[in-house]
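# Structure assessment
Letter by letter, the chains look like this.
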Amino acid sequence: MTCSSCANRIERKLNKLDGVEATVNFALEKATVTYPAALDPADLVKAVEAAGYSATPVRDEPEPSGGAAGDGDRTDDGKDAELRTLRERLVYSALLTVPVIALSMIPPLQFRFWQWLVLALAAPVVVWGGFPFHKAAAKNLRHGTATMDTLVSLGTLAAFFWSLYALFIGGMGEPGMTMAFSFTAGGGHAEIYLEAASGVIAFILAGRYFEARSKRKAGAALKALLELGAREVSVLRADGREERIPVDRLAVGDRFVVRPGEKIATDGVVAEGSSAVDASMLTGESVPVEVRPGDNVTGATINAGGRLVVRATKVGADTQLAQMARLITDAQTGKAAVQRLADRISGVFVPIVIALAVATLGFWLGSGEGATAAFTAAVAVLVIACPCALGLATPVALLVGTGRGAQLGVLIKGPEVLENTRRVDTVLLDKTGTVTTGRMALVATVPVDGGDADELLRLAGAVEHASEHPIAKAIAAAAAERHGTLPQVEGFTNREGLGVEGVVEGHAVVAGRPALLADWGLALPAELAAALDEAESAGRTAIAVAWDGGVRGVLVTSDTVKPTSAAAIAGLRELGLTPVLLTGDNERAARSVAAQVGIDEVIAGVLPAGKVDAVKALQAEGRVVAMVGDGVNDAAALATADLGLAMGTGTDAAIEAADLTLVRGDLGAAVDAIRLSRSTLRTIKTNLFWAFAYNVAAIPLAVAGLLNPMIAGAAMAFSSVFVVGNSLRLRGFKSTAPEAGVRGDVAAAEQREAVPVAG
């Protein structure tokens, strides 16, 4: 395909087949086709061939180890060969065209019989350099259609044959003939247009070459993403030996070894070992994430620390990497409403331009201005009006924008999402797992007057270490972080719903609710009772600790606010959005979290089933609502909202329901997602404005005889290069959060360090 009218014709041909829905993307050179099971894919290829093009079916699922959508290295090699051939044509054509233009434009250089040298130099450019245009135009003619190639071929051949006529029959081949260059249509008969014919070919070859190179750069992000996956993996067999196998032979349930510096082969759960995992290339997170047994890891991330044994939970097309690639490919092959309008225009544009060129020729001939002026104006109309920029305006910007989003951990589902980000004025934020970490952490240690805070945490952590409760895990983790190895517990007892008991270093330790201490005949001193009441009124959970017949203190745990949440909320406000906190907690607890991150509006006490009602209530007030969430119970609300943003660390149901997926699980990614979406939308609109304005302004100039065909060719080539170059600016989009993506235990640890510890 050489222009958007090619894509439009293929799309129409495919859609004529019964039950077929096809979208053809000019920038990606791909057709996304939905067709009935009874239809043979070979029939789709035949339909494309009937339109005058060729096609190859590719696999439906992107593969991390291959090329986009399964086209693999063969397509890359083919495109490299095409680019090399295009470069060769451009270089040789440019070398021959420079003296042609110089001799034609500068009368002092025009020696005796100069015009014949110009013919000798221009002929290879028009015939060999322009061969792709002439070949495509001939093929189009056989199929009764016309594209950009038709316009270029018609214009350059007309200029070339007119020049041959003028040289051999019209007296322009006489010795001593001179010719001055004009930026407008010539008025006399002493004109040959070899510089226009060769110049147009050279300029358009240059435009097409830089366009092809730029499109390859635009798709580099997706290609890099697809190539992130590991190629081989060391699988642990039942007898304990390691076997090196290709990744595509890995099965769910297999245990495999990941050594320091190696890529994790697929999504899984850590079975043995602990390490830091660098996910920056996949999620944009700048800080490695600490993992230990039971933690989830993602394929294509890098083990930066110790040896890990991982149990595979997802393989092949089910992995997060493959799902990311599929989302990006779907977004890039989609079309916004404004692009569909541009496609419809470009589909009828070429025939209209040809008719307009004929009308221009007739008008100038009829006005008595002479054949040269008439011919010049008609050729300029043919050349200036090629609709390349229209076809590139949206898909290249989408290609670059979605690719850059993938690098920053933001996945945009489709072009229509971009329009929604512009309209949103309110952001509804689910609290747990979105604003907060979703994990319990120790936030305060309050010993009794005169007590030792370190000893309180050490003994409580030892007895809690034997429990699987989330609160117990938070206390044990904080104790281990501060004291290292914890002492052993003897006679451990878990009192369901109350707490735990055990003997540590000869001390009978009890940790739990005040009711558990009451069973031991112990009551909290007034200062500890006040600390416990204050913690619980703020939505936190407090654990009383006693040993050897005395109450020793209170440990306060909470689902901590993510370190990046406050900055992200400020970023949302800068975008003109109003943040609203949504939670099932009581009003006081919700207000406490909201105050920490700078949210004024709170909707508290909402049951999971009531989240959809909360979205609808805001919409009823006339607001355009974006919803950010991560859980199964957020899926319906994400789908109901005008714009749904799912945290990638959340559930598949939430991600499926959302419009945007924030892979790195950081609220700062929501700010990046909206900023990037708006920037991409602005780029698309700028591109379309340029493409339309260029044609609207240039065609009347050409019809009026105010454009030399060679200048028209240069302007047409520049319009396409401008659109692609403008889109490539999105590659420089910067995240507002350089430390974005701090997750899990790292986040919890930082939060604990930030909270003053009483005593």
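Residues numbered from 1 in each chain as written. Predicted model: local features only at pLDDT ≥ 70, side-chain atom pairs only at ≥ 80, totals over all residues. Heavy atoms only, no water.

### Section: the overall build of the protein
This is how the line gets drawn: Working definition: helices are DSSP H or I runs of at least four residues, strands are E runs of at least two. Numbering for both runs from the N terminus. Burial status follows relative accessibility: with a 1.4 Å probe on protein chains alone, a residue under 20% of its type maximum counts as buried, one over 50% as exposed, and anything between as partly exposed. Whether two residues touch is decided by their heavy atoms; if any such pair falls within 4.5 Å, the residues are in contact.
A tally of helices and strands in the protein yields 27 helices and 24 strands. Counting all 759 residues of the protein, 54% fall into the buried class. For the protein, the proportion of contacts with a sequence separation of at least 24, taken over those separated by at least 6, is 70%.

### Details of the UniProt feature "transmembrane region" (unreviewed entry) in the protein
The cut-off we apply is this: UniProt positions are given in the numbering used here, feature names are shortened, and annotations may be inferred rather than shown by experiment.
Under the present numbering, the feature "transmembrane region" (unreviewed entry) in UniProt falls on residues 90–107, 113–131, 151–172, 192–210, 345–365, 371–400, 687–704 and 710–728. As annotated, residues 113–131 comprises 89% helix and 0% strand, and the C-alpha atoms at either end are separated by 28 Å. The distance separating the terminal C-alpha atoms of residues 687–704 is 26 Å; by composition the span is 94% helix and 0% strand.

### Quick notes on the pairing of strand 13 (residues 426–430)
In plain terms, the rule: At least two bridges found by DSSP between two strands are what make those strands a pair.
A large share of strand 13 lies buried, amounting to 5 of its 5 residues. Of the two faces of strand 13, the one holding Thr426, Leu428 and Asp430 and the one holding Val427 and Leu429 are both buried throughout. As judged from the 5 bridges shared by strand 13 and strand 20 (residues 578–582), these two strands associate in the parallel manner. Residue pairing across strands places Asp430 opposite Leu582, the latter belonging to strand 20.

### Brief notes about unusual backbone geometry
Residues other than glycine seldom take positive phi values, yet Phe113 does so here, at roughly 65 degrees. One non-glycine residue, Asp548, adopts positive backbone phi at about 55 degrees. Counting through the fold element by element, Asp548 comes out in the loop between strand 18 (541–547) and strand 19 (550–561).

### Quick word on the packing of aromatic side chains
Which entries qualify depends on this criterion: Stacked, tilted and edge-to-face are the three classes applied to pairs of Phe, Tyr and Trp rings, where Trp contributes its six-membered ring and a pair requires centres within 6.5 Å; stacked means planes under 30 degrees apart, edge-to-face means over 60, and tilted covers the rest.
Summed over the entire model, instances satisfying the criterion amount to 6 aromatic pairs. Both rings, one in Trp690 and one in Phe722, keep their centres 4.6 Å apart while their planes meet at 40 degrees; by these two values the pair is tilted. Here Trp690 is found in helix 25 (residues 668–703), whereas its partner Phe722 is found in helix 26 (residues 709–728), with 32 residues between them in sequence. Judged by its relative accessible area of 27%, Trp690 is partly exposed. Here the aromatic residues Trp162, Tyr165 and Phe375 are joined through ring pairs into a cluster of three or more.

### A look at helix 21 (residues 587–597)
Where we set the bar: To be clear, the arc concerns the directions from the helix axis to the C-beta atoms.
Three or more residues of helix 21 are buried, namely Ala589, Ala590, Val593, Ala594 and Val597. Seen end-on, helix 21 carries its buried residues on one side only, within an arc spanning 135 degrees. Of the exposed residues in helix 21, the ones pointing more than 90 degrees away from its buried face are Arg588 and Ala595. Count one or two residues on from helix 21 and you reach Gly598, which has phi positive near 90 degrees.

### Topic: helix 2 (residues 41–50)
What counts, and what does not: Pairs of N or O atoms are called polar contacts if they sit within 3.5 Å, as long as, within protein, a hydrogen donor faces a hydrogen acceptor (for residues adjacent in sequence, only side-chain-to-side-chain pairs).
Buried residues of helix 2: Leu44, Val45, Ala47 and Val48, and no others. Axial view of helix 2: buried residues confined to an arc of 155 degrees, hence all on one face. Between the side-chain oxygen of the N-cap and the backbone nitrogen of Ala42 there are 2.9 Å, and the N-cap of helix 2 in question is Asp40. Looking one or two residues past helix 2, Gly52 carries a phi angle of roughly 100 degrees, positive in sign.

### As for the sheet that holds strand 14 (residues 436–447)
For the record, the criterion: Lines fitted to the C-alpha atoms define the axes, with helices restricted to the stretch that makes contact. Angles between their N-to-C directions range from 0 to 180 degrees.
Reading across from one edge, 14-19-18-17-16-15 is the order of the 6 strands in this open sheet, with antiparallel pairing throughout. Edge positions in the sheet fall to strand 14 and strand 15 (489–495), since each has one partner strand and no second. Averaged over all adjacent pairs, the angle separating strand axes in this sheet is 20 degrees, with direction ignored. Where strand 18 lies against strand 19, 7 bridges are found, and the strand directions are antiparallel.

### Describing the packing of helix 6 (residues 148–168) against helix 12 (residues 371–384)
So the rule is basically this: When an angle is under 35 degrees it counts as roughly parallel; over 145 it counts as roughly antiparallel; between 65 and 115 it counts as roughly perpendicular; any other value is oblique. Each helix crossing is assigned a hand: it is left-handed if the near helix lies turned anticlockwise from the far helix by less than a right angle, otherwise right-handed if that turn is clockwise.
Their axes nearest at 8 Å, the elements helix 6 and helix 12 cross at an angle of 155 degrees. The orientation of helix 6 with respect to helix 12, classified from their angle, is roughly antiparallel. The two elements helix 6 and helix 12 meet at a crossing, and its hand is left-handed. In contact with Leu151, Leu154, Gly155, Ala158, Ala159 and Trp162 of helix 6, helix 12 contributes Ala371, Thr372, Phe375, Val379, Leu382 and Val383.

### Some details on the sheet that holds strand 8 (residues 289–291)
Taken in spatial order, the 3 strands line up as 8-7-10 in an open sheet, and their pairing is antiparallel. The open sheet has two free edges, formed respectively by strand 8 and strand 10 (302–303), since each of these has just one partner strand.

### What to know about the nonpolar core
Operational definition: By nonpolar core we mean a set of buried residues, namely Ala, Val, Leu, Ile, Met, Phe, Trp, Tyr and Cys, connected to one another through side-chain atoms within 4.5 Å.
Of all hydrophobic cores here, the largest spans 66 residues; its most connected members are Leu14, Leu429, Val628, Leu645, Leu660, Leu662 and Leu667. Per element, the largest residue contribution to this core is 10 residues, and it comes from helix 25. Residues within four places of Leu645 in sequence aside, it is in contact with Ala626, Met627, Val628, Gly629, Leu638, Ala658, Leu660, Leu662, Ala670 and Ala673. Val100, Leu121, Phe133 and Val152 belong to the second largest nonpolar core, which has 54 residues in total.

### Brief notes about the pairing of strand 22 (residues 625–629)
Most of strand 22 sits out of view: 5 of its 5 residues are buried. Where burial is concerned, the two faces of strand 22 agree: the one with Val625, Met627 and Gly629 and the one with Ala626 and Val628 are both buried. Sheet topology note: the strand 22/strand 23 (residues 643–647) ladder contains 4 bridges and is parallel. Within strand 23, the position partnered with Met627 by the bridge is Gly644.

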